[in-house]
Amino acid sequence: EPRLSTVARHPWADEDSHWPAAKSDLYSLAAGDLHYIVHRRGEEFLYDLSTDVFEQTNLVGSPELAPTLERLRFVLDSMVRSEDGRWRVRAIR
């Protein structure tokens with residue numbers, strides 16, 4: 001079962017900062033060894049924590065993981081909706 005996390009943009013951080021949450025809100029799914037992250041601006045990251053615990057290698061472009069990435073996108077979309085330009089976490093039952 002994927003686990004959802006959200007991080008609000010840090011208003012005190014400069015957008016050029018190396019901190020991911022300096023750019024925008026973040027939405028994240030952890031599913032098994034995979035960690036999928038999306039900035040509200042649409043930038044995506046996919047990491048395999050079994051081989052990359054420091055999240056240095058973005059696997060979004062990996063053909064082998066394309067079906068898994070599509071599934072994670074679908075799951076995240078079912079949990080987080082965009083209304084009037086704002087993303088909100090939906091109630092999950």
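Our structure is the block above this text.
Residues numbered from 1 in each chain as written. Predicted model: local features only at pLDDT ≥ 70, side-chain atom pairs only at ≥ 80, totals over all residues. Heavy atoms only, no water.

Peer 1: Just checking my understanding: could you explain the overall build of the protein for this structure?
Peer 2: Counting secondary structure elements, the protein contains 1 helix and 6 strands. Counted from the first residue to the last, the protein has its helices and strands arranged as β-β-β-β-α-β-β. Counting the 93 residues in the protein, one finds 32% classified as buried. Once local pairs closer than 6 in sequence are excluded, the contacts in the protein between residues at least 24 apart make up 29%. Per element, the accessible surface of the protein, about 6,400 Å² overall, is 52% carbon and sulfur. (Helix = DSSP H or I, 4+ residues; strand = E, 2+ residues; numbered from the N terminus. Buried < 20%, exposed > 50% of the residue type's maximum accessible area, 1.4 Å probe, protein only. Contact = heavy atoms within 4.5 Å. Areas by Shrake-Rupley, 256 points an atom, 1.4 Å probe, with all protein chains shown as cover.)

Peer 1: What should I look at first to understand the sheet that holds strand β4 (residues 44-48) in this one?
Peer 2: Think of a sheet as strands paired side by side through backbone hydrogen bonds, with each pair either parallel or antiparallel. Spatially, the 4 strands line up as an open sheet ordered β1-β2-β3-β4, and their pairing is antiparallel. At either end of the open sheet lies a strand with only one pairing partner, and these are β1 (3-7) and β4. Averaged over all pairs of adjacent strands, the angle between their axes in this sheet comes to 15°, without regard to strand direction. The pairing of strand β3 (residues 34-39) with β4 spans 5 bridges and is classified as antiparallel. Residue pairing for β4: Tyr36 is matched across the bridge by Leu46. (Pairing = 2+ DSSP bridges. Axes fitted to C-alpha atoms, helices over the stretch in contact; angles between N-to-C directions.)

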